[in-house]
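So you can see what is in the structure, the chains are spelled out below.
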Amino acid sequence: MKLDQKTAFALVDEACKKHFGCSIADATKQQAYKALCLVVKDILVEKNINFTESVKDKEEKQVYYMSMEFLVGTSLRNNLSNLKLEKQFSGALSKANIDINELYEMEPDAGLGNGGLGRLASCYMDSLSTLAIPATGYSIRYEFGIFKQRIVDGWQMEFPDDWLNLGDVWLNARTDESVEVRFGGRVEETFDDSGYHPIHTDYSTVVAVPYDMYISGYDSDAVNKLVLWSAKSPKSLDMAAFSRGDYAKALEDNNKAEVISKVLYPADDHIDGKILRIKQQYFFVSASLQTIVRKHYKKYSTLDNLADKASVHINDTHPALCVPELMRILMDEYNYGWDDAWAIAQKTLSYTNHTVMSEALERWNEGMFKEQLPRIYQIVAEINRRLLIRLHEIYPGDFAKIDYMAVIANGEIRMANLCLACCHTVNGVSKLHSNILTESIFKDYYNIDKSKFTNVTNGIAYRRWLMQANPELTAYLTELIGPKFKKDSKHLEALLAHEGDKEVIDNLFEIKKHNKIRLASYISKSNGVNVDPDSIFDIQIKRLHEYKRQLLNVLQILYMYNQIKENPNIDIVPRTFVFAAKASSGYFMAKQIIRLIVALSNTINNDPIARDKIKVVFMEDYRVSLAEIIIPAADISEQISIAGKEASGTGNMKLMINGAVTLGTLDGANVEIYENVGEDNIFLFGLKAHEVDELWRRGYSPLDCVRSNPELQKVLDMLTSNVLGARFDDVAKSLLTNAYGTADAYMALADFDSYVKAQKRVSETYVDKYKFGNMSLVNIAKAGVFSSDRAVMEYAKNIWHCR
């Protein structure tokens, strides 16, 4: 978009006058921030209107991306960069003595996501706009996000994330397009000559209010929308109760409704939490599908062609209720018969699976589900009845297999099976993950219809993680290979022409050093720890879960610490270990591991013998904007999950494109990183997925690993003594006993020795500057294939069947 600095200044000045009654010269920083955001939003709205009209005229197929979370991060710099207006507005603001970087720092991360699932969804929305594919994302407008993490005396504490205080400037409410969503009650069955007619009565209503967030694409005329639903009560105040002085009762209905959109992923280790989660899922699914269908019917006066003009994509199992809700709308509101409605649903819906973890393949208690969603339960039960008839024909007498594949069994409703029973396409998110789905978890469905299963390896919005997060590297790459990579990431491969070029490697090291100094400064301010920018920055940043094996990283650091304590003069390449992660509020062991990392950090960083050789830092409240500071500074990318458990990962891709070298197992997309960079440019260790399965079959005993490795025994002994300032008996028990489920369920002890050896290879390689630097260069050059543009094009061509 063309806009000069003078016009940019006039737009911001006018916005200040209109909204705050002052000129930009007299505005506070908060007023200047909001004024700039409002100007940018107006530009996005205009582009969205123009794009939408163009799509309508061409009657193009629309993508509707349903996701429980969208980890958007901050929007101001991203939008200005995509619009290519950053210089103009930066210059305009400088005339009023305002530094645009200070405004960037004011913006809170949008509290709409938690981890890789939400970040992936946001990357795909960015690429959909970049590629001018008409799409709408749907989710919930969480008032307080997931939580703001604080570490207090070593413990993770959760506080409300009041991101809307400044973040709501990006949202446009459309109260006139609100939708009613029904919960509870009962279904009366009536019949007449035309058939069965259910009547839903005695239900409670929640009003879903849509808020639009506009998503820009890089150097694109397209702007798509992310629609976020906020829950309200149709009766905001009970005046009768208020008049008699019962003020709590007067607000009760409104509070019950609004809690649905308060917090992302409320703790579900109790029944109320489970009920709230299922209400959240149905709330946004129902509101979204009602809107999609109504919009389609208004334009075409029929739903027979819904699948030709709309592709509804289910991002993991949270929106799986799209299946029965679309059936409900078609049958109850538009009078379709079952067979016709089912045919439309099958052609319209597609599903991405993001995990092989059994606990993430959601299952709901049948009684609770029926009570909360009685009409939806009826439809799910009928889907299951018809499915079982078919399965008995295909697998006669194999009751165990049929039970495994059923949507309802053993008092549970299985959301993944609901998607498998209906959706026209099911995909995994890396080659390894998709193979595991078809060879193991979903094998029986795959054998029925192989054509519906495919793979789309995840990708990242690389412009954010390279061009915005690492402008110095971007400028240098542009100087070396030209600007084409900014539009098409495959052009990064041109960097391979500079393999072995010592001058180029020297410059890459210098850029990395600058980013490490920036991160070191941040750590000094936030953690009060001084780290050495010349040390290896060894980074593990991701959601805290046992399968991601932050604990294995800790055990190896303890091993290094013991080596230093036993031989203070040992020659060790200085290392800074950086962790950042949030643990789910109800996940006890994950919180214990955070406490262990903090204790380890305090012990090592205050030990005069060890602290000049290794440092450990846990950075609290991990979020997108923090990742944008950490990732450009990384030397080593820790991707150490047990093989066969990580579906893909995207942090590995973000670190890779910034020149970090992967230290990892052959798990998830690490396999494809290895295939692209070659074995000389990655540090691999550990059991492979099939070896993990074989070891379980033979009978894995973690105690055998300990008995054969005295150094490992020393490490584990540290957990049950006070050497770290506290005891971690629960963590030790989780590794050695069945007190918390299967002992060492993620084989940290089985991979310990291999991991220690891999870390030694890292140190040995790093001292050879040009060898390690060349590894870094190759990783940058080969990262282009992991662009979300590539992934979205594969979805559009092979799954959504749109332009």
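As the structure is a computational prediction, the values presented were derived from the model and not from experiment. (Residues numbered from 1 in each chain as written. Predicted model: local features only at pLDDT ≥ 70, side-chain atom pairs only at ≥ 80, totals over all residues. Heavy atoms only, no water.)

Asker: Can you walk me through the side chain of Ser788 in this structure?
Answerer: Positionally, Ser788 belongs in helix 35 (residues 788-800). Given the relative accessible area of 0%, Ser788 is considered buried. Setting aside its immediate chain neighbours within four residues, Ser788 contacts Cys123, Tyr124, Ser127, Gly459, Ile460 and Ala461. (Helix = DSSP H or I, 4+ residues; strand = E, 2+ residues; numbered from the N terminus. Buried < 20%, exposed > 50% of the residue type's maximum accessible area, 1.4 Å probe, protein only. Contact = heavy atoms within 4.5 Å.)

Asker: Sorry if this is basic, but what is going on with the sheet that holds strand 20 (residues 614-618) here?
Answerer: Backbone-to-backbone hydrogen bonds join strands into a sheet, with any given pair of strands oriented parallel or antiparallel. With parallel pairing, the six strands of this open sheet are ordered in space as 20-19-18-21-22-23. Each of the sheet's edge strands pairs with one partner strand only, and the pair in question is strand 20 and strand 23 (683-684). Pairing geometry for strand 21 (residues 636-639) and strand 22 (residues 661-664), over four bridges, is parallel. Bridging from a neighbouring strand, Ser637 pairs with Thr662 of strand 22. In the packing of helix 34 (residues 769-781) onto the sheet, the strands contacted are strand 21, strand 22 and strand 23, and the crossing angle to strand 22 comes to about 95°. (Pairing = 2+ DSSP bridges. Axes fitted to C-alpha atoms, helices over the stretch in contact; angles between N-to-C directions.)

Asker: How do you make sense of the side chain of Lys591 when you look at a structure like this?
Answerer: Relative to the elements of secondary structure, Lys591 occurs in helix 25 (residues 588-605). Polar side-chain contacts of Lys591 include one of 3.0 Å to the backbone oxygen of Ser585. When sequence neighbours within four positions are dropped, the list of residues in contact with Lys591 reads Gln156, Glu158, Ala583, Ser584 and Ser585. (Polar contact = N/O pair within 3.5 Å; in protein donor to acceptor, adjacent residues only side chain to side chain.)

Asker: Looking at this structure, I do not really get the layout of surface pockets. What am I missing?
Answerer: One simple way to see leftover space: roll a probe sized like a water molecule over the atoms. Here the second largest pocket is characterised by a volume of approximately 970 Å³. Looking at the second largest pocket, it is lined by 31 residues, and the ones nearest its centre are Thr52, Lys56, Glu177, Lys225 and Lys295. Elements supplying a minimum of two residues to the lining of the second largest pocket: helix 2 (29-58), strand 1 (62-66), strand 2 (135-140), strand 10 (223-232) and helix 11 (271-300). Here the lining of the second largest pocket gets eight residues from one element, more than from any other, and that element is helix 11. (1 Å grid on protein atoms, 1.4 Å probe; cavity = no way out; pocket = protein on both sides within 12 Å on 5 of 7 lines; lining within 4 Å. Points joined across faces, edges and corners; volume = space filled by probe spheres on them.)

Asker: What is the right way to read unusual backbone geometry from this model?
Answerer: Backbone phi values are negative for most residues with the exception of glycine, while trans is the configuration of most peptide bonds. Positive phi is not limited to glycine here, since Lys84 has a value of about 60°. Checked against the element boundaries, Lys84 lands in the loop between helix 3 (76-83) and helix 4 (86-94). For Lys84, a relative accessible area of 44% gives the class partly exposed. For Asp153, which is not glycine, the phi torsion reads 50° and is therefore positive. Along the chain, Asp153 falls in the loop between strand 3 (148-152) and strand 4 (155-159).

Asker: Which parts of the structure should I look at to understand empty space enclosed by the protein?
Answerer: Scanning the model with the defined rule gives six cavities of 30 Å³ or more in all. Looking at the largest cavity, its volume works out to about 150 Å³. In this structure, the largest cavity is lined by 18 residues; those nearest its centre are Leu508, Phe509, Lys512, Gly659 and Ser776. When contributions to the lining of the largest cavity are tallied by element, the ones reaching two or more residues are helix 23 (502-527) and helix 34. In terms of residue class, the lining of the largest cavity is made up of ten nonpolar, six polar and two charged. Approximately 120 Å³ is the volume attributed to the second largest cavity. In terms of lining, the second largest cavity is formed by 16 residues, of which the most central are Val72, Ser75, Asn78, Asp126 and Ile215. Contributing elements (two or more residues each) for the lining of the second largest cavity: helix 3, helix 6 (116-130) and strand 9 (204-216). Classifying every residue of the lining of the second largest cavity by side-chain character gives seven nonpolar, six polar and three charged. (Nonpolar A, V, L, I, M, F, W, Y, C, P; charged D, E, K, R; others polar.)

Asker: Quick question: what am I supposed to make of the pairing of strand 20 here?
Answerer: Residues in a regular strand project their side chains so that they alternate between the two faces of the sheet. Of all the five residues making up strand 20, five are buried; the element is thus mostly covered by neighbouring parts of the structure. Burial along strand 20 is two-sided: the face carrying Ile614, Val616 and Phe618 and the face carrying Lys615 and Val617 are both buried. Where strand 19 (residues 575-580) lies against strand 20, five bridges are found, and the strand directions are parallel. Across the sheet, Thr576 pairs through a bridge with Lys615, a residue of strand 20. Handedness of the strand 19-helix 25-strand 20 crossover: right-handed. (Right-handed = clockwise from strand over helix to strand, strands pointing away.)

Asker: Hey, could you run me through the nonpolar core in this one?
Answerer: One recurring pattern in soluble globular proteins is that nonpolar side chains are buried together. Of all hydrophobic cores here, the largest spans 232 residues; its most connected members are Leu76, Phe89, Phe283, Phe369 and Trp800. The residues touching Leu76, leaving out its near neighbours within four places in the chain, are Tyr33, Leu36, Cys37, Val40, Leu103, Tyr104, Glu107 and Trp170. In this structure, Leu477, Met656, Ile657 and Ile673 belong to the second largest nonpolar core, which totals 51 residues. (Core = buried A, V, L, I, M, F, W, Y, C linked by side-chain atoms within 4.5 Å.)

Asker: Teacher, can you tell me more about the pairing of strand 18 (residues 536-541) here?
Answerer: Summarising burial for strand 18: six of the six residues are buried, a large majority. In strand 18, alternate side chains face the same way, and those of Ile536, Asp538 and Gln540 on one face and Phe537, Ile539 and Ile541 on the other are all buried. Of the strand pairs in this sheet, strand 18 and strand 19 are connected by six bridges, and their pairing is parallel. Within the sheet, the bridge partner assigned to Ile541 lies in strand 19 and is Ala580. For the segment spanning strand 18, helix 24 (residues 550-566) and strand 19, crossover handedness is right-handed. One ladder, built from two bridges, connects strand 18 with strand 21; its direction is parallel.

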